[in-house]
Amino acid sequence: MIGSGPNGLAAAIVLAQAGWKVMVVEAEPTIGGGARSAELTLPGFVHDVCSAVHATTLASPFFRTLPLAKHGVEWIDPPASIAHPFDDGTAAIVERSVERTAASLGRDGEAYARVFGGLQRSWPKIESSVLGPLRWPQHPFALAAFGQRALRSAGGFARSTFSEERTRALFGGIAAHGMVPLDQPLTAGFGLVLGVMAHLVGWVIPRGGAQRITDALVAHLRGLGGEVIADHRVRSLDELPPAKAILCDLSPRPVLTIAGGRLPAAYTRALEQYQYGMGVFKMDWALDGPIPWKAADCAKASTVHVCGTLAELERSEQEAWSGTACERPFVLLVQPSLFDPSRAPAGKHTAWAYCHVPGGSTVDMQPRIEAQIERFAPGFRDRILARSVMTPADVEAHNANYVGGDIGAGIVNLRQFFTRPTWRTYSTPVRGLYLCSAATPPGVGVHGMCGYFAAQRALADFRRSGVA
């Protein structure tokens, strides 16, 4: 197993459960890929290096089968999953209850309850399709009803479904996690899936940081006899010992780097044509107190979407997509220490945020990100004790899968949604070589399902070949 992100560890666990001897090799000194934590600012302040909020972890059909709690994972479900502040000092919030959330949305309450209440009820029928590869669905009519909405653009869906600008912006902020302009097809699907997660399981955070998830997966894998090696960069498949299968928790460009000599020309061209998207400019802060939001409701939420109106959101995402660093970027902010005191010394706090920028951008977004937060939380800058800044190049340096700072490991558009990264998905033309990263279905998220399905493919191939 090359790469120790959640997908790599999930694949290793599946194979170890099947009785295979498994070795995971990680290039970085710390295991975890996109699920790591570190003291990025000051001693005693724990920050998440990449992922911070983990709704898809709790929703993952595979991770639900694992004894993560036994190995120290404790989930915190804040009073609200999402807050979206506005310039008038108010905020729209998403609570665990569809009914309570709808009741706070005025004229849009009925429409919100219809959309997300219906999706919450139908989720058991569509879960395996949404969190899996393209295949014939068990409940085609339920999936078709979902697909009619999910295939739309987020902007179009928001404007046709909701009448108030506040609700439209709230939905747009959720959809913008997809890192695709909100006028593009499929972006409504991001808003629907991530939105219903807030009601199904909550946008939860692990006590102590994302590293706790990784540590639990590693502990479980080692209990199954698996081996994990950190700080060992694989530069070529030729370096590896003989194996029945090699699974790469890598996106296409790193795969080409280590396996290019073994891959047929046509498959190599297909991986070379794989498209990466927007990058992120990420910041972490050590704070002398909680963020002083004008809207008090923002203190209820683990995640705050900082941008204002839907039109402003659309402009921010379109500019980043088109190669321009936006003056007023959409900022995704997480404030874990409000709910998890273990993240900072007594009385102190942490915050985590990023904005979308053109892939590989070298523009310093620190002043613009902090100005956006200050806009909705006057006095924020006065509470900063220290900050950590990660440019797209820094993000890629921490994880080679994130080419140009693209934490989604590739654009999710119509072409790359259905054939990700190629029509072979987890398989390659090379016998025994598989892909299991977020560049395969169902894509980005700390859910392990890419690794699960890749491992299942490997097991099926070996069963068909008659090899134990």
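Throughout what follows, the structure given in this document is the object of discussion. (Residues numbered from 1 in each chain as written. Predicted model: local features only at pLDDT ≥ 70, side-chain atom pairs only at ≥ 80, totals over all residues. Heavy atoms only, no water.)

**Observations regarding helix 5 (residues 140-150)**
Move 1: For helix 5, every residue scored as buried is listed here: Ala 142, Phe 146, Gly 147 and Ala 150. Taken around the axis of helix 5, the buried residues stretch over an arc of 130 degrees, which confines them to a single face. Projecting away from the buried face of helix 5 at angles above 90 degrees are the exposed residues Phe 141 and Gln 148.
Move 2: On its buried face, helix 5 sits against helix 4 (109-130) and helix 8 (187-200). (Buried < 20%, exposed > 50% of the residue type's maximum accessible area, 1.4 Å probe, protein only. Helix = DSSP H or I, 4+ residues; strand = E, 2+ residues; numbered from the N terminus. Arc of directions from axis to C-beta. Contact = heavy atoms within 4.5 Å.)

**Details of the side chain of Thr 161**
Move 1: With respect to the element layout, Thr 161 can be found in helix 6 (residues 154-161).
Move 2: Engagement of the side chain of Thr 161 in a polar contact is seen with the backbone oxygen of Phe 157, the distance being 2.7 Å.
Move 3: Sequence-distant contacts of Thr 161, defined by excluding residues within four places in its chain, comprise Ala 111 and Val 115. (Polar contact = N/O pair within 3.5 Å; in protein donor to acceptor, adjacent residues only side chain to side chain.)

**Quick notes on the pairing of strand 13 (residues 349-357)**
Move 1: When you tally the buried positions in strand 13, you get nine out of nine residues, the bulk of the element.
Move 2: Across the two faces of strand 13 the burial is the same, with His 349, Ala 351, Ala 353, Cys 355 and Val 357 and Thr 350, Trp 352, Tyr 354 and His 356 all buried.
Move 3: As defined by bridge partners, strand 10 (residues 279-287) adjoins strand 13 across nine bridges and the pair is classed as antiparallel. Following the sheet pairing, Trp 285 is matched in strand 13 by Ala 351.
Move 4: Pairing analysis gives four bridges linking strand 12 (residues 331-334) to strand 13, with the strands arranged antiparallel. Residue pairing for strand 13: Val 331 is matched across the bridge by Cys 355. (Pairing = 2+ DSSP bridges.)

**Considering the pattern of salt bridges**
Move 1: Scanning the entire structure with this criterion turns up 21 salt bridges.
Move 2: A salt bridge links Glu 95 to Arg 100, with the nearest nitrogen and oxygen atoms 3.2 Å apart.
Move 3: Taking relative accessible area as the criterion, Arg 100 reaches 47% and is therefore assigned partly exposed.
Move 4: One salt bridge in this structure joins Arg 343 and Asp 340, with 2.7 Å as the shortest N-O distance. As far as the burial class goes, Arg 343 and Asp 340 line up, both buried.
Move 5: The network of salt bridges with common partners includes Asp 48, Glu 74, Arg 207, Asp 340 and Arg 343. (Salt bridge = Lys/Arg side-chain N within 4 Å of Asp/Glu carboxyl O.)

**Concerning the pairing of strand 11 (residues 301-306)**
Move 1: Of all the six residues making up strand 11, six are buried; the element is thus mostly covered by neighbouring parts of the structure.
Move 2: Of the pairings in the sheet, the one linking strand 5 (residues 80-85) to strand 11 comprises three bridges and is parallel in character. Looking at the pairing, Ala 80 lines up with Ala 301 of strand 11.
Move 3: The sheet contact formed by strand 11 and strand 12 spans four bridges and is antiparallel. By the bridge assignment, His 305 is partnered in strand 12 with Leu 332.

**Comments concerning the packing of aromatic side chains**
The geometry of an aromatic ring pair is captured by the separation of the ring centres together with the interplanar angle, meaning the angle of the planes.
Move 1: In total, this model carries 12 aromatic pairs according to the counting rule given.
Move 2: Ring geometry for Tyr 112 and Phe 116: centres 4.6 Å apart, planes at 35 degrees, overall tilted. Here Tyr 112 and its partner Phe 116 are both found in helix 4, four residues apart, which amounts to about one turn of the helix. This pair shows no difference in class: Tyr 112 is buried, exactly as Phe 116 is.
Move 3: Their ring planes at 40 degrees and their centres at 5.1 Å tell us that Phe 157 and Phe 171 sit as a pair that is tilted. (Phe/Tyr/Trp six-rings, centres within 6.5 Å; stacked < 30°, edge-to-face > 60°.)

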